[in-house]
Structure formats: structure tokens, C-alpha cells
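# An overview of the molecular structure
Chain residues, written in single-letter form:
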Amino acid sequence: NMSLFFPENKIVYSGNPVRSIILKNLPSKEESCKFFGLDPNKPVVLSFGGSLGALTLNESIENGLQQFSDKDIQVIWQTGSYYYQKIQEKWANKTPKGIQIHEFLKEMNFAYGAADIIISRAGASSISELCIVGKSTILVPSPNVAEEHQTKIAMALVNNQAAIVVKDVDARNILCDTVFKTLENPQQMNELSTNIKKMAKPESINTIIQSIQQLLSQ
């Protein structure tokens, strides 16, 4: 809460800047799936936990990897650099059909465009992008951050029916089942998508620039 450190009249609620490529219209699912070599007629799950990766997310996805494939659900799995080599070696030559393992996703616009459901941590920058992307989202807040701010951010979305939250401690057991149940409920997916879009602040960069200019002119 910034009001603990700064005067309330000097605080501007701008949102977080996001990559410009995300602010543009995302490529279609068909185009995005073609980019990844996936089938646009089948569900796609995107899971990412930041550039280094998130152990909970990786272990949770790994626990359901064969189930995803058996259910004809495709997965774009960004492991992060810290975990990639170990996971890649473990699954070498036996990765189930429809599962893609990536160390890092440079072309996030195609990853977002392909996804029907996105699994993510709940950091402020990720949330800012996810609100603009507007896809059904399952958040697993990190418990290892100051003042549990990821949980607070995630619950703000939940309270607006804009995301589903799975606790970190529960994720290894229930995350994949939560994905399966959500994919079976198109009405819920539509509501999640509609409501998360309402929380976007695509103008945040301009707001920050204008605020700086006003402060400089005072």
C-alpha cells in the first residue's frame, strides 16, 4: 500500500506498463497455433512462471502431463531457465503428444494468442498483461513475497470473477484438475475472459509519463 510511504495526493493509480506487442491485437488462435505447430481445433494451456521459472508450477504441470495429452489438451509449458535443463533431460524422447517444453517464450504474443487458459504467478507485471490479453486465467500466487502481495492481487481478480486462484500449497494436487474442470465449462471461461478484460489499464505508460511531466512542471 503506497499510502503508507507517500502522501495520498501524490499517488496515481496508473497500472503497470506492459510490452507494446501485447497492447496490439493478439494474433488469432489459428495463426498462433501454426506458429507453435499446434492444432487450433484443440484446447491450449499456457503455463509460465517468469524467466527463472516457478517450482510449484513446473511440478504441478509435470504431475498432469500425461493426463493433458490423454485428454487431447495441448500445453505450452515455459519452465524458466533455472529448471529447463533438468526437465528437458527427464522428458527427452518421451514427451507426451501435444506437450511443448520451452525454456523461455520470446514471442509471448503468439503464446497468449494460442492459449485458451493461462496459468501464471500473480506478480503485478504479469497481471497487467493478463488483464489486457483477456484469456481465462488460473493464478497460483507465490507465497514467498513481501506482505503476500501476490495473494492480495490475485484475490482482487477473484472478487471480480476475473480469475481462478489455486493456493501454492494445493497446486501440485489440484491445479491440473482445475484446468480440466474449467475447460469443461465454456460459460465460466467466457465470464472469466470478459471480467479480466474490464480490469485492464492499457493506458498506464501514458499515465506515468503525464504524471512525471506534471511533477516536473510544479
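Nothing here was measured: the structure is a model prediction, and the numbers come from that model. Throughout this document, residue positions are counted from 1 along each chain, in the order its sequence is written. Reporting of local features is limited, given that this is a predicted model, to residues whose pLDDT is at least 70; pairs of side-chain atoms are given and counted only at 80 or more, and all residues count toward the totals for whole chains, interfaces and linings. Remark: hydrogens and water are excluded; side-chain values derive from all non-hydrogen atoms of the structure.

## Examining the nonpolar core
Judged by nonpolar contacts, the single largest core of 27 residues is most densely connected at Val 45, Phe 68, Ile 119, Ile 138, Leu 175 and Val 179. Numbering of helices and strands runs from the N terminus, with a helix taken as a DSSP run of H or I at least four residues long and a strand as a DSSP run of E at least two residues long. Counting residues per element, the ones that place at least two in this core are α3 (55-63), α4 (65-70), β2 (74-78), α5 (81-91), β3 (99-102), β4 (117-120), α9 (168-183) and α10 (186-197). Among the elements that make up this core, the one with the highest residue count is α9 (6 residues). Contacts are assigned to residue pairs that have any heavy atoms within 4.5 Å of one another. Those residues in contact with Ile 119 that sit more than four places away from it in its chain are Val 45, Leu 46, Ser 47, Phe 48, Leu 57, Ile 61, Ile 138, Leu 175 and Val 179. Counting 26 residues, the second-largest nonpolar core is a separate cluster that includes Cys 33, Phe 36, Leu 130 and Leu 157. In plain words, nonpolar cores are sets of buried Ala, Val, Leu, Ile, Met, Phe, Trp, Tyr and Cys residues tied together by side-chain atoms within 4.5 Å. Throughout this description, buried means an accessible area under 20% of the type-specific maximum (1.4 Å probe, protein chains only), exposed means over 50%, and partly exposed covers the range between.

## Some remarks on the pattern of salt bridges
Think of a salt bridge as a Lys or Arg side-chain nitrogen and an Asp or Glu carboxyl oxygen that are within 4 Å of each other. Applying the stated criterion across every chain, the model contains 5 salt bridges. A salt bridge links Lys 42 to Asp 72; its shortest N-O distance comes to 3.5 Å. Of the two residues, Lys 42 is situated in the loop between α2 (29-36) and β1 (44-48) and Asp 72 in the loop between α4 and β2; the sequence distance between them amounts to 30 residues. In this structure, Glu 59 engages Arg 172 in a salt bridge whose closest nitrogen and oxygen atoms are separated by 2.6 Å. Of this pair, Glu 59 sits in helix α3 while Arg 172 sits in helix α9, and the two are 113 residues apart along the sequence. Given the relative accessible area of 30%, Glu 59 is considered partly exposed.

## Describing the environment of Ser 81
Tracing the backbone shows Ser 81 in helix α5. It is 7.0 Å that separates the C-alpha atoms of Ser 81 and Phe 104, two residues lying 23 residues apart in sequence. Apart from residues no more than four positions distant in its own chain, Ser 81 is found in contact with Ser 51, Leu 52 and Glu 103.

## Quick notes on unusual backbone geometry
Unlike most non-glycine residues, Asp 72 shows phi in positive territory, near 60°. When its relative accessible area of 39% is taken as the criterion, Asp 72 is described as partly exposed. Although it is not a glycine, Asn 93 adopts a positive phi angle of roughly 65°. Along the chain, Asn 93 turns up in the loop between α5 and β3.

## Description of the packing of α3 against α5
The interhelical angle for the contact between α3 and α5, taken along N-to-C directions, is 10°, at an axis separation of 12 Å. On the basis of the axis angle, α3 is roughly parallel to α5. Handedness of the α3/α5 crossing: right-handed. Residue-level contacts link Leu 55, Asn 58 and Glu 62 of α3 to Tyr 83, Ile 87, Lys 90 and Trp 91 of α5. Under the grouping applied here, Gly and all other residues not named as nonpolar or charged are polar, the nonpolar ones being Ala, Val, Leu, Ile, Met, Phe, Trp, Tyr, Cys and Pro and the charged ones Asp, Glu, Lys and Arg. When the residues that make up the contact of α3 with α5 are grouped by side-chain class, the tally is 4 nonpolar, 1 polar and 2 charged. Angular values range over 0 to 180 degrees, each being the angle between N-to-C directions of two axes fitted as lines to C-alpha atoms, with helices fitted over their stretch in contact. Any angle from 65 to 115 degrees is called roughly perpendicular, while one under 35 is roughly parallel, one over 145 is roughly antiparallel, and all others are oblique. Note on convention: near helix rotated counterclockwise from far helix by under a right angle means a left-handed crossing. Clockwise means right-handed.

## Looking at the environment of Lys 90
Within the secondary structure, Lys 90 sits in helix α5. A polar atom in the side chain of Lys 90 sits 3.1 Å from the side chain of Glu 62. N or O atoms closer than or at 3.5 Å make up a polar contact, with two conditions inside protein: a donor-capable atom paired with an acceptor-capable one, and, for residues adjacent in sequence, both atoms drawn from side chains.

## Details of the confidence of the model for the protein
In predicted models, pLDDT denotes the confidence assigned by the predictor to each residue on a 0 to 100 scale. Chain-level statistics for the protein give a pLDDT mean of 85 and a share of 80% at 70 or above. Here residues 1-6 is modelled with pLDDT under 50, and outside its nearest four sequence neighbours on either side it reaches 4 contacts, counting other chains as well. Low confidence marks residues 204-209, where pLDDT is under 50. Its contacts with residues over four positions away, or in another chain, come to 11 contacts.

## Some points on the sheet that holds β3
Between any two strands, pairing holds if DSSP finds at least two bridges. Pairing in this open sheet of 6 strands is parallel, and the strands run β3-β2-β1-β4-β5-β6 from one edge to the other. In this open sheet, the two edge strands, each paired with only one partner strand, are β3 and β6 (164-165). Packing of α10 onto the sheet brings it into contact with β4, β5 (136-139) and β6, and relative to β5 it is tilted by some 85°.

## Focus on the packing of α3 against α9
Interaxial distance between α3 and α9 falls to 8 Å at its minimum, and their mutual angle equals 25°. Accordingly, the angle class assigned to the pair α3 and α9 is roughly parallel. The handedness of the crossing between α3 and α9 comes out as right-handed. Packed against α3, whose contacting residues are Leu 55, Thr 56, Leu 57, Glu 59, Ser 60, Ile 61 and Asn 63, the element α9 presents Asp 168, Ala 171, Arg 172, Leu 175 and Cys 176 at the interface.

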